[in-house]
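# Topology and contacts: notes
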Amino acid sequence: MTKQLHKVCRELLESGKVQVIIGYGQKDRGQPPHPVFITSPEEVEGLVWNDQCVANLTTYLTRKEIRALGKPAIIVKGCDARAIVVLQRESQIDRSAMVVIGMACNGVGEPRLAKCAACDAHVPAHVDITIGEAVSEPVDPERRYNDLNVFMTQSTDERMDYWQDELERCVRCYACRQVCPLCYCERCVADKNRPVRFSTAPTLKGNYAWHITRAFHLAGRCIGCDECTRACPAGINLRLLNLSVARAAENAFGYRAGLDPEAEPVIGSFSTQDKESFIK
Amino acid sequence: MTHKQPHPDPDMTTFEPKIVAYVCNWCTYLGADLAGTNRLEYPPNVRIIRLPCTGRIDFNLIVKAFETGADAVLVSGCHPGDCHYTSGNYHARRRWTLFRELLDTLGIEMDRIHFTWISAAEGRKWQQVITEITEKTRQMGPYLAYKRICRVS
Amino acid sequence: MSTIIGGQVLRDMVNDWIGDGKRVGGPGYVGNHLILYRWLHRSDELLLESYPRPHNSIKEFLFPSHEKLYHYKIDGQHIELSEAVLPDAQQIIFAARPCDAASLPILDHVFNWDYRDVFYNRRRSLTTVVTLACQDHDAHCFCTSVGGGPDDERGSDAMLFALGQDQYEVRCFTDKGKALFEGKLEESTRVGKVGPGPERRLDLETVREFLKTDFESPLWERQTLRCIGCGACAYNCPTCHCFDITDEKVGSAGVRMRSWDSCQMAMFTVHASGHNPRSRQPQRQRQRIYHKFEIYPSKFGEILCTGCGNCSRVCPVGLGITPVLTAIQEEQAARAGTGAAQEAGREKVDQ
């Protein structure tokens, strides 16, 4: 697969179809692969592909420093590819001005990431070139939300205690935001200071406001790559919050983000037939 | 005030629930106004905050209400089909459907967050809703869990 | 001769301190895998076993992530100010790593420079630091490259050396350290040893030479383009000390608060006009390296890095001090290789 990847990327660069390859490099075998930006055909040997390629590179598509490098080709896994669909739907990228290289993937991370257990995108969708072979099979929707379902067996008070312990550790480094391909705002609401929208201090109060906001600004947009959870140096399981909103979107509106480039985003559209049982 | 059994917790006997109501300008606000002009009495525990439309009610405002000491929050607007801006309430309905799940996962007490549709003609419904929420919140007591979160330390 | 102590005695001491109202901070598990420094409630939360190091630093205990500076109340034209209560509880940082303790004398400079920071200094005077010498290191550790080591004494009041079988040699360096272990130690002939420490990989002279001349080098762009601009490196660094000041207001009263801030964030340098002198991420990465290895040393005579490696340990995209400094060294070596300075360069690496 790596050989084929090198070949494809070399051709793309040599033909001038793209100016930069956003991919994975690995300088030190002992360290996980990290993002690299390859701009000349001679450097493509530096690209790697293996089951430690966890980072979702699509976060670079909206960055001005990377955009300045020219037309990109980007290497994605099946889960990452969904972010491109959302970015396109939200008019953040020009899909025709990039080449998306999808890698068939049977799971990443050591140990395997939680998301991989319920993956139904081993073969990336909506990509231009697919490398490798795998089989994507439908997954029972409940399996996607397994961790959340287990968590929700606790009482409200237990959940409140759990999150107070977790969010106490947050120091507001915003790694969760910065690593997220869909947190692309020029100026985040957390950085608004004229006036301040919510507390920027890492007090419990500020941390609750931040994590509620982060999770909900991704409502119906989060594609479940779990990069926020991986990036968090305090080990906060942000995945649970993302799952809760994603499950509601799937159960109530049959919507999952990043699957269908034509679908109306769940927030931002409505149906007069929407069902609920909580409005009196 | 309704008669209540004396509570062992001294805070509870003097406890007056603080309720923040985010209402739309066109239906619920006028419904509340109608309750007033009709001399329909309802508990003074509610603080009404008028916004153009339920579609304009940022979810952060619900958090903000708890941050500033609310014990319960009400969000209320026009019935489906009646939105002054055609579809603001439909958008809001979707948003709340997802938002409630997030708050529930976080362990926020869902019995403290209320959603209603109250039209400009439903002064009596406003009276009933506010009375019910006030009594329910009174029984639940102050929202200590969120107040603990907001203690700036 | 040496003085030793049993692990159980240490744990009892920790419980006693906590019982006496002292605050004890030390490493412990958060979940199943992550080890962080935290305030301890009981000694069984304390992790004394050997492992590389926690993913955060002890600076939280002296320079908390958020801190009240004063309270205010606005009443019409009248503003009432009241001082924040200064901490007064004795605190013991227990089983810290030497690379954490070493940060304290370095931080002392900046908190006592043109302004003496009352909060930091108060906590510093109330704090006793007991380190645990390192038996282990991982791929991120580089203390030996920046003048430290697995038994670096800087900043420690006392140091523990694991002897195996839950026994520790104790070396007290200061009166504070001695007072802590007064009457608890046994005489012994057993002497603790440390692991070899990480291999020395960086040569700071080479790095500083580069920094003197290459502010505009394309290396910065090339090496740091992947930085996503979060504050994980800075917030888990024992020496990073930037902060932001905000008002936490409810109604007409509030608290003026200082919270950690990071030069890696785009908002850090934005002017009121909207202009941002460091508008691109590579400029911010460059700033971080310059501050640590050029600006701070030229002002205070010490580099702002203890080689703990947390920056690369927590970086979501595999950056941090080592990858950047390694690239600088490679660049310098390549230059030396092409020029007449070949021999001189080789000598330097040998040293």
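Reading the values: the criteria
- Along every chain, residues carry numbers that run from 1 in the direction the sequence is written.
- Chain letters and ligand numbers both follow the written order, the letters beginning at A and the numbers at 1.
- With the structure being a predicted model, the display of local features is reserved for residues of pLDDT at least 70 and the display and counting of side-chain atom pairs for 80 or more, all residues being used for whole-chain, interface and lining totals.
- With hydrogens and water stripped out, all remaining heavy atoms of the structure feed into the side-chain values.
- Numbering of helices and strands starts at the N terminus; helices are DSSP runs of H or I of at least 4 residues and strands are runs of E of at least 2.
- Throughout, radius of gyration means the C-alpha value; the globule benchmark is 2.2 Å times the number of residues raised to the power 0.38.
- Relative accessibility decides the category of a residue: with a 1.4 Å probe and only protein chains considered, values under 20% of the type maximum give buried, values over 50% give exposed, and everything between is partly exposed.
- We call two residues contacting when some pair of their heavy atoms lies within 4.5 Å.
- For the accessible areas, the method is Shrake-Rupley and the probe is 1.4 Å, while residue cover comes only from the protein chains on display.
- A residue counts as positive if it is Lys or Arg and as negative if it is Asp or Glu; His and the chain ends are not included.
- Charged side chains are reduced to one point each, which is NZ for Lys, CZ for Arg, CG for Asp and CD for Glu.
- When DSSP finds two or more bridges between a pair of strands, those strands are recorded as paired.
- Place the viewer so that the strands point away; then a crossover is right-handed whenever the path from the first strand over the helix to the second strand goes clockwise.
- Lining residues are defined by having an atom within 4 Å of a point belonging to a cavity or pocket. Those points lie on a 1 Å grid over the protein atoms alone, cavities being sets where a 1.4 Å probe fits but cannot get out and pockets being open sets with protein on both sides within 12 Å along at least five of seven lines.
- Grid points are joined across faces, edges and corners, and a volume is the space filled by probe spheres set on the points.
- Here, axes are lines fitted to C-alpha atoms. For helices the fit covers the stretch in contact, and angles between N-to-C directions go from 0 to 180 degrees.
- Joining two parts hides part of their accessible area as seen by a 1.4 Å probe, and the buried area is that hidden amount summed over both.
- Counted as salt bridges are all cases of a side-chain nitrogen of Lys or Arg within 4 Å of a carboxyl oxygen of Asp or Glu.
- Pairing of N or O atoms within 3.5 Å defines a polar contact, subject to two protein rules: one partner must be a possible hydrogen donor and the other a possible acceptor, and residues neighboring in sequence count only if both atoms are side-chain atoms.
- By the convention adopted, Pro, Cys, Tyr, Trp, Phe, Met, Ile, Leu, Val and Ala count as nonpolar, Lys, Arg, Asp and Glu as charged, and the other residues, Gly among them, as polar.
- Across the chain, each position has a pLDDT score giving the predictor's confidence in that residue, from 0 to 100.
- The split of the chain into domains comes from an automatic or database domain assignment.

### Structural notes on the overall build of chain A
- Within chain A, the secondary structure is distributed over 10 helices and five strands.
- What you see for chain A is a C-alpha radius of gyration of 20 Å, in line with the 19 Å of a compact globule of 280 residues.
- A principal-axis box enclosing the C-alpha atoms of chain A has dimensions of 60 × 40 × 35 Å.
- Within chain A, the fraction of its 280 residues that count as buried is 57%.
- Partitioning the contacts of chain A with sequence separation of at least 6, the portion at a separation of at least 24 is 70%.
- For chain A, the computed accessible surface area is about 11,700 Å², with 49% contributed by carbon and sulfur atoms.
- Within chain A, the 35 negative side-chain charges are centred at a point lying 5 Å from the centre of the 35 positive side-chain charges.

### Overview of the pairing of strand β2 (residues 46-51) of chain B
All names here are of chain B.
- Alignment of strand β1 (residues 19-24) against β2, held across six bridges, turns out to be parallel. Its bridge partner being in β2, Ile19 is matched across the sheet by Val46.
- At this point the chain moves from β1, through helix α2 (residues 28-37), to the parallel β2, and the crossover so formed is right-handed.

### Notes on the layout of surface pockets
- Roughly 1,400 Å³ of volume is contained in the second largest pocket.
- Around the second largest pocket, the lining comprises 50 residues; the ones closest to its centre are A:Glu168, C:Arg23, C:Trp39, C:Glu60 and C:His66.
- Of all elements in the fold, only α6 (156-168) of chain A, α6 (144-149) of chain B together with β2 (23-30), β3 (34-39), α2 (59-62), β4 (66-75) and α5 (118-126) of chain C reach the threshold of two or more residues within the lining of the second largest pocket.
- For the lining of the second largest pocket, the element with the most residues is β2(C), which contributes five residues.

### Let's talk about the environment of C:Ile328
Residues and elements named next belong to chain C.
- Relative to the assigned elements, Ile328 resides in helix α12 (residues 321-338).
- Along the chain, Ile328 and Leu211 lie 117 residues apart, while their C-alpha atoms are 8.9 Å from each other.
- Residues within four places of Ile328 in sequence aside, it is in contact with Val207, Phe210, Leu211, Leu219 and Trp220.

### Re the sheet that holds β2(B)
Residues and elements named next belong to chain B.
- Taken together, the four strands give an open sheet; going across it, the order is β2-β1-β3-β4, and neighbouring strands pair in parallel fashion. At either margin of the open sheet sits one strand with a lone partner, and together these are β2 and β4 (113-117). Geometrically, the sheet is characterised by an average inter-axis angle of 20° between neighbouring strands, direction not taken into account.
- Against the sheet, helix α3 (residues 59-67) makes contact with β1, β2, β3 (72-77) and β4, and its axis sits at roughly 150° relative to β3, the strand it touches most.

### A look at the interface of chain A and chain B
- Contact residues are listed per partner, giving 46 residues for chain A and 38 residues for chain B.
- Summing the contributions of chain A and of chain B, the shared interface buries around 3,800 Å²; its carbon and sulfur component is 67%.
- For the interface between chain A and chain B, the tally reads five salt bridges.
- A salt bridge links A:Asp274 to B:Arg94, with the nearest nitrogen and oxygen atoms 2.8 Å apart.
- One can count 15 residue pairs in polar contact (both at pLDDT 80 or more) joining chain A with chain B.
- Of all elements in the fold, only α5 (146-151), α6, α8 (204-217) and α10 (239-253) of chain A reach the threshold of two or more residues within the side of chain A that touches chain B.
- Considering only residue class, the side of chain A that touches chain B consists of 26 nonpolar, 11 polar and nine charged.

### Notes on the pairing of β4(B)
All names here are of chain B.
- Extensive coverage of β4 is indicated by the burial of five of its five residues.
- Where burial is concerned, the two faces of β4 agree: the one with Ile113, Phe115 and Trp117 and the one with His114 and Thr116 are both buried.
- Of the strand pairs in this sheet, β3 and β4 are connected by five bridges, and their pairing is parallel. Following the sheet pairing, Gly77 is matched in β4 by Trp117.
- With helix α4 (residues 88-105) bridging β3 and the parallel β4, this β-α-β connection has right-handed handedness.

### Some thoughts on the sheet that holds strand β12 (residues 253-260) of chain C
Residues and elements named next belong to chain C.
- Here four strands make up an open sheet; going across it, the order is β5-β4-β12-β11 and the pairing antiparallel. Across the chains shown, the open sheet's two edge strands, defined by having one partner strand only, are β5 (78-83) and β11 (243-250). With strand direction ignored, the average angle separating the axes of adjacent strands in the sheet is 25°.
- As paired strands, β4 and β5 are joined by six bridges and run antiparallel to one another. Its bridge partner lying in β5, Ile74 is registered against Ile79.

### Remarks on the confidence of the model for chain B
- The pLDDT averaged across chain B works out to 91; a share of 90% of its residues lies at or above 70.
- Within the model, pLDDT remains below 50 along residues 1-8 of chain B, and this stretch shows six contacts once partners closer than five positions in the same chain are excluded.

### Thoughts on the domain arrangement of chain A
Residue and element names in this part refer to chain A.
- Partitioning chain A into structural domains gives domain 1 (2-131) and domain 2 (141-253).
- Every contact between the two is made by 19 residues of domain 1 and, on the other side, 17 residues of domain 2.
- Across the interface of domain 1 and domain 2, roughly 1,500 Å² is buried in total on both sides, 52% from carbon and sulfur atoms.
- Linking domain 1 with domain 2 are two salt bridges, by the criterion used here.
- Here Glu90 makes a salt bridge to Arg221, at a shortest N to O gap of 2.8 Å.
- Our enumeration of links across domain 1 and domain 2 arrives at nine residue pairs in polar contact (both at pLDDT 80 or more).
- Grouping the constituent residues of the side of domain 1 that touches domain 2 by class yields nine nonpolar, five polar and five charged.

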